[in-house]
Amino acid sequence: MKKFKKGDIVGRISYNQDILFEITKIIKTSNQHEIMILKGITERIEADSPVEDLEHVDKRVVQERMKKLESKIVNRIEFCMKNPQYCISKAKGIFSNSSEERNSTILNTGKILHLDGDKRYSEKSMKYYRSLGLNAIVKNVVENKQAQVIKSLLERYQPDILVLTGHDGMIKKGTGFNDIYNYRNSRYFINTVKEARKWNSQGKDLAIFAGACQSYYEAIMAAGANFASSPRKNYD
Amino acid sequence: MLLLLGRIMIDFIDPLIVAERIATTENTKYLTIRDIKDELRDGEEGVSGIGSMGKKVLS
């Protein structure tokens, strides 16, 4: 019998280890089976799995995937610096040699408040915004607490753009696309968007992105987001 | 027979690109998903929406 503990990095045998997960919770069922709650280490996905379908992943494979994630961030930053016409067309001063011009550009770009349910992703997001010289605040707030703290954070930071991310995923695949309880965290993103829009109704024109992997796109948009994730339903 | 499995995954960096583009687009312009889709992993299939006004203040 394989032994797993919280924090182990694993892959699902039935999915040919397509995604690497960290075990975040172990649930014991009444018939003494163990169900593992998993969070993607390079994807914004949450899933569960019986212990029999899991195997430990070689450290080298984990390092390789982490490097790949890092390189996505670095590549994007390099792309922006080389092609300002694509991503920072109207904020060229961000990469100016003059500190005066750089500072005024930072002040002029929209202010971002980003809540991420994953600590590792929060850190990487901050690194990304900083590298581009953007005016951003990133807070690590778990998905089910985001709605509770959003009002005070909006009042404190007065952002122009709100980003709500973390992990998500469908519980039963291939069914229940319109059932909010078939999504692990979409309802928390929806509630947070609604709370943010209440604050927004007091005169601030807030742009909102919300969602993670496999989120309930239609419901997040209906709650008032400008952009949301996972509109496409997958066929295989 | 096709089997409906679930919803599409997004890239870690996709939400950051959307936020970055809104932040650096002039506040006189409306940014749509079509302006951003080519920079996202699966384009409009991974992220979509109604768009937003840019947030960069012209000085």
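The written sequence of each chain sets the order in which its residues are numbered from 1. Lettering of chains starts at A and numbering of ligands starts at 1, both following the order in which they are written. A pLDDT threshold of at least 70 governs which residues receive local features in this predicted model, and a stricter bar of 80 or more applies before side-chain atom pairs are shown or counted, although totals over entire chains, interfaces and linings include all residues.

S.K.: Summarise the overall build of chain A; cite the residues concerned and give the values.
M.R.: The helix and strand tally for chain A stands at seven helices and 11 strands. Think of it this way: build a C-beta for each residue from its backbone, and any pair within 7 Å is a contact. Sequence separation of 24 or more characterises 53% of the internal contacts of chain A that already satisfy a separation of 6 or more. Per the convention used, a helix needs a DSSP run of H or I reaching at least four residues, while a strand needs a run of E reaching at least two, with both numbered from the N terminus.

S.K.: An account of the sheet that holds strand β3 (residues 34–40) of chain A is requested, with residue identities and associated values reported.
M.R.: Residues and elements named next belong to chain A. With respect to topology, five strands assemble into an open sheet ordered β4-β3-β2-β1-β5, the strand pairing being antiparallel. Each edge of the open sheet carries a strand with a single partner, namely β4 (46–50) and β5 (54–56). Each adjacent strand pair in this sheet contributes to an overall mean axis angle of 45°, direction not counted. Where strand β2 (residues 21–28) and β3 come together, seven bridges link them in antiparallel fashion. What sits directly across from Lys28, in β3, is Glu34. Being paired, for any two strands, means DSSP has found at least two bridges between them. Here an axis means a line fitted to C-alpha atoms, over the contact stretch when the element is a helix, while the angle between two N-to-C directions is reported on a 0 to 180 degree scale.

S.K.: Explain the domain arrangement of chain A to me, and be specific about the residues and the numbers.
M.R.: Domain start and stop points were drawn from an automatic or database domain assignment. Taken domain by domain, chain A comprises domain 1 (9–57), domain 2 (67–105) and domain 3 (110–236). Broken down by secondary-structure element, the contributors of at least two residues to the side of domain 1 of chain A that touches domain 3 of chain A are β3 and β4 of chain A.

S.K.: Kindly report on the interface of chain B and chain A, identifying the contributing residues and their values.
M.R.: If you look at the interface, chain B gives 36 residues, while chain A gives 49 residues. Of all elements in the fold, only β1 (4–7), α1 (14–23), β3 (47–49) and β4 (52–53) of chain B reach the threshold of two or more residues within the side of chain B that touches chain A. A total of eight residues in the side of chain B that touches chain A trace back to one element, the largest contributor, which is α1 of chain B. Side-chain classes follow a simple rule in which Ala, Val, Leu, Ile, Met, Phe, Trp, Tyr, Cys and Pro form the nonpolar group, Asp, Glu, Lys and Arg form the charged group, and the remainder, Gly included, forms the polar group. Along the lines of polarity and charge, the residues of the side of chain B that touches chain A split into 20 nonpolar, nine polar and seven charged. With three bridges joining them, strand β10 (residues 227–229) of chain A and β3 of chain B adopt antiparallel strand pairing. Its bridge partner being in β3 of chain B, Ser229 of chain A is matched across the sheet by Val47 of chain B.

S.K.: So what's going on with the sheet that holds strand β6 (residues 112–116) of chain A? Residues and values would help.
M.R.: Judged by pairing direction, the sheet is mixed, and its six strands sit side by side in the order β7(A)-β6(A)-β8(A)-β9(A)-β10(A)-β3(B) without closing on themselves. Looking at strand neighbours, the two that pair on one side only are β7 (136–140) of chain A together with β3 of chain B, the edges of this open sheet. Taking each pair of neighbouring strands and ignoring which way they run, the sheet shows an average axis angle of 15°. Relative to the sheet, helix α4 (residues 119–131) of chain A contacts β6 and β7 of chain A, its axis offset from that of β7 of chain A by approximately 175°.

S.K.: Provide a residue-level description of the environment of Thr24 of chain B, including the pertinent values.
M.R.: In this fold, Thr24 of chain B is placed in the loop between α1 and β2 (30–31). Taking the C-alpha atoms as reference points, Thr24 of chain B and Lys56 of chain B, 32 residues apart in sequence, are found 5.3 Å from one another.

S.K.: So what's going on with the pairing of β6 of chain A? Which residues, and what values?
M.R.: Residue and element names in this part refer to chain A. Exposure in this text rests on C-beta crowding, where 20 or more other C-beta atoms within 10 Å of a residue's own make it buried, 12 or fewer make it exposed, and counts in between make it partly exposed. The C-beta atoms are placed from the backbone. Extensive coverage of β6 is indicated by the burial of five of its five residues. Side chains Ile112, His114 and Asp116 project from β6 onto one buried face, and the interleaved Leu113 and Leu115 project onto a second face that is buried too. The sheet contact formed by β6 and β7 spans five bridges and is parallel. Residue pairing for β7: Leu115 is matched across the bridge by Lys139. Call a crossover right-handed when, viewed with both strands pointing away from you, the route from the first strand across the helix to the second goes clockwise. Taking the sense of rotation as the criterion, the β-α-β connection linking β6, α4 and β7 turns out right-handed. Looking at chain direction, β6 and strand β8 (residues 161–165) are connected through five bridges and run parallel. Within the sheet, the bridge partner assigned to Ile112 lies in β8 and is Ile161.

S.K.: Help me get a handle on the nonpolar core, residues and values and all.
M.R.: In this structure, Ile112, Val193, Ile208, Ala210, Ile220 and Ala225 of chain A together with Ala19 of chain B are the most contacted members of the largest nonpolar core, which totals 65 residues. Counting the residues that make up this core, at least three belong to each of domain 1 (9–57) and domain 3 (110–236) of chain A. Those residues in contact with Ala210 of chain A that lie beyond four places of it in its chain are Leu164, Phe189, Val193, Ile220, Ala225 and Ala228 of chain A. One nonpolar core equals one set of buried Ala, Val, Leu, Ile, Met, Phe, Trp, Tyr and Cys residues connected by C-beta atoms within 7 Å.

S.K.: Mind laying out unusual backbone geometry, listing which residues take part and the relevant values?
M.R.: Residues and elements named next belong to chain A. The phi dihedral of Asn16 falls on the positive side, at around 55°, and the residue is not glycine. Looking at the element boundaries, Asn16 is found in the loop between β1 (9–12) and β2. In this structure Asn16 comes out as exposed when scored by C-beta crowding, with 8 C-beta atoms within 10 Å. The backbone of Gln32 shows a phi angle near 70°, a positive value even though the residue is not glycine. Residue placement: Gln32 occurs in the loop between β2 and β3.

S.K.: Residue-level account of the packing of helix α5 (residues 146–157) of chain A against helix α6 (residues 186–200) of chain A, with values.
M.R.: All names here are of chain A. It is the contact of α5 with α6, at a shortest axis distance of 8 Å, that shows an interaxial angle of 25°. Judged by the angle between their axes, α5 and α6 are roughly parallel. At the point where α5 passes α6, the crossing takes the right-handed sense. In this structure, α5 contributes Gln146, Ala147, Ile150, Lys151 and Leu154 to the contact, and α6 contributes Tyr188, Asn191, Thr192, Glu195, Ala196 and Trp199. Grouping the constituent residues of the contact of α5 with α6 by class yields six nonpolar, three polar and two charged. Put simply, angles under 35 degrees are roughly parallel, angles over 145 are roughly antiparallel, angles from 65 to 115 are roughly perpendicular, and the rest are oblique. What makes a crossing left-handed is the near helix being turned counterclockwise from the far one by less than a right angle; a clockwise turn instead makes it right-handed.

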